[in-house]
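So you can see what is in the structure, the chains are spelled out below.
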Amino acid sequence: MNLLLLPARNIALTIPVVLVTGFITGLYVDTSPLKNYILPVTMVMIYPMMIGFRLGEIINLAHKKLILVSLGINFFIVPLLAYLLGVLFLVDDPQLFAGLAIASLLPTSNMTIAFTMLGGGNIPAAIKLTVISLVLGSLLAPWYLLVMVGTYIQIDVLATLKTITLVVFVPLTLGMVTYRLILKKYTQEEFYTVIKPNLPAVTVWGMVYIIFTGMSTNAHTIVSQSNLFLLAVLVQALFYAANYFISLTFGRFYFNGENTITLVFSTVLCNLAISMGVAATAFGVKAALMVSLAFLFQGQSAAWFIRLNKRY
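Below or above, wherever it landed, is the structure these notes cover. (Residues numbered from 1 in each chain as written. Predicted model: local features only at pLDDT ≥ 70, side-chain atom pairs only at ≥ 80, totals over all residues. Heavy atoms only, no water.)

## Details of the overall build of the chain
Counted only if it meets this: Helix and strand labels come from DSSP, where a helix needs a run of H or I of at least four residues and a strand needs a run of E of at least two; each type is numbered from the N terminus. Just to be clear, the radius of gyration here is over C-alpha atoms, and the globule rule we use is 2.2 Å times residues to the power 0.38. Three labels apply to residues, based on accessible area from a 1.4 Å probe with only protein chains included: buried if under 20% of the type maximum, exposed if over 50%, partly exposed otherwise in between. Whether two residues are in contact is decided by their heavy atoms, any of which lying within 4.5 Å being enough. Only four residue types enter the tally: Lys and Arg on the positive side, Asp and Glu on the negative side, with His and both chain ends excluded. Charged side chains are reduced to one point each, which is NZ for Lys, CZ for Arg, CG for Asp and CD for Glu.
Summing up its helical and strand segments, the chain has 16 helices and zero strands in all. Against the globule reference of 20 Å for 312 residues, the chain gives a C-alpha radius of gyration of 19 Å, in line with a compact fold. Expressed as lengths along the three principal axes of its C-alpha atoms, the size of the chain is roughly 50 × 45 × 40 Å. Each of the 312 residues in the chain was classed as buried or not, and the buried ones make up 50%. Here the analysis covers contacts within the chain between residues at least 6 apart in sequence; of these, 83% occur between residues at least 24 apart. Each charge sign in the chain was given a centre, from 16 positive and 8 negative side chains, and these centres are 8 Å apart.

## Details of the nonpolar core
Filter applied, for reference: As used here, the term nonpolar core means buried Ala, Val, Leu, Ile, Met, Phe, Trp, Tyr and Cys residues forming a set that is joined through side-chain atoms within 4.5 Å.
Core analysis: the biggest nonpolar cluster contains 88 residues, and F239, F265 and I274 have the highest contact counts within it. When residues in this core are grouped by element, the largest group, ten residues, is from helix α4 (residues 64-89). Not counting residues within four places of it along the chain, the set of residues in contact with I274 comprises I46, M50, L106, L134, V167 and V168. Counting residues in hydrophobic clusters, the runner-up holds five residues, among them I51, Y179, I182 and F191.

## Re helix α14 (residues 272-282)
The buried fraction of α14 amounts to nine of the eleven residues, a majority that puts the element mostly inside the structure. L272, A273, I274, S275, M276, G277, V278, A279 and A280 are the residues of α14 that are buried. Positive phi appears at G284, one or two residues downstream of α14, with a value of about 115 degrees.

## Focus on the pattern of salt bridges
What counts is decided by this rule: For this analysis, a salt bridge means a side-chain nitrogen from Lys or Arg found within 4 Å of a carboxyl oxygen belonging to Asp or Glu.
For the structure on display, the rule yields one salt bridge. Ionic pairing is found between K286 and D93, a salt bridge with its closest N-O pair at 3.0 Å. Of this pair, K286 sits in helix α15 (residues 285-293) while D93 sits in the loop between α4 and α5 (94-105), placing them 193 residues apart in sequence. Taking relative accessible area as the criterion, K286 reaches 19% and is therefore assigned buried. Assessed through its relative accessible area of 8%, D93 is described here as buried.

## Some details on the side chain of S104
Selection rule: Pairing of N or O atoms within 3.5 Å defines a polar contact, subject to two protein rules: one partner must be a possible hydrogen donor and the other a possible acceptor, and residues neighboring in sequence count only if both atoms are side-chain atoms.
Relative to the helices and strands, S104 resides in helix α5. A polar contact is formed between the side chain of S104 and the backbone oxygen of A101, at a distance of 2.6 Å. Those residues within four positions of S104 in sequence are excluded, and the remaining contacts are N74, V78, P79, A82, M148 and F239.

Now the structure itself:
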């Protein structure tokens, strides 16, 4: 159990270690066969996240203003930001552009709820936004991708829909069935206190596999095009900095402190696990690598935001 939970308990250290290990391994070992297992690993990775997921939150009409502003940022401003950054910096490598686009189209994750709770935000609204954003993002992503990067890379809308169905909706259905079966033996309180905290460990191991595969299979490309790798890191840094600025600006004008925290974490934090799986299976490991670089910024920036927000 300690081995299973090790990466999840040390996620801030795990991601850089896996990136470095993957890079070094890829310089000396051909890891390309690992790409053949990305889709099943992704499905296994997403499945634990979906256990306890409640679609009923979508029909809950509370927090309308916060939800509308959040959805407007998530599905208009953030994709536009990703598109502009991609056009400015990544047109020479469409796979990296596609990776950035996918991450911008799948907002919110379990991290949204966790950091909202740690920051003292509106937790019920965060839960509702997580459900709505995941479902909407999954349905809209193929069409957005066609508009955003279809000029630079071939987009097969039906194939992308099939990939998202396999990566999101199959695990979602299995997770809902599993949750019902669990409640026949355990109470809701036991599920959320004993079982649920251990489920992200499986997801993190899946992320480790995909990040390692993406980094190792691109190791020689990174060496020969180090400027492109550094550019990808810079674009991710700009993407997150701009997201925080946009969300905080809307929060200052329209919401109190509690709802502003929820707005920030429901718009800045992307669902990187699903994004990475979709990127790898639909566009290739270089697109997944672009998403994996976001791990260098997402968790750490959210933790620093909470500290700075409490202090200032």
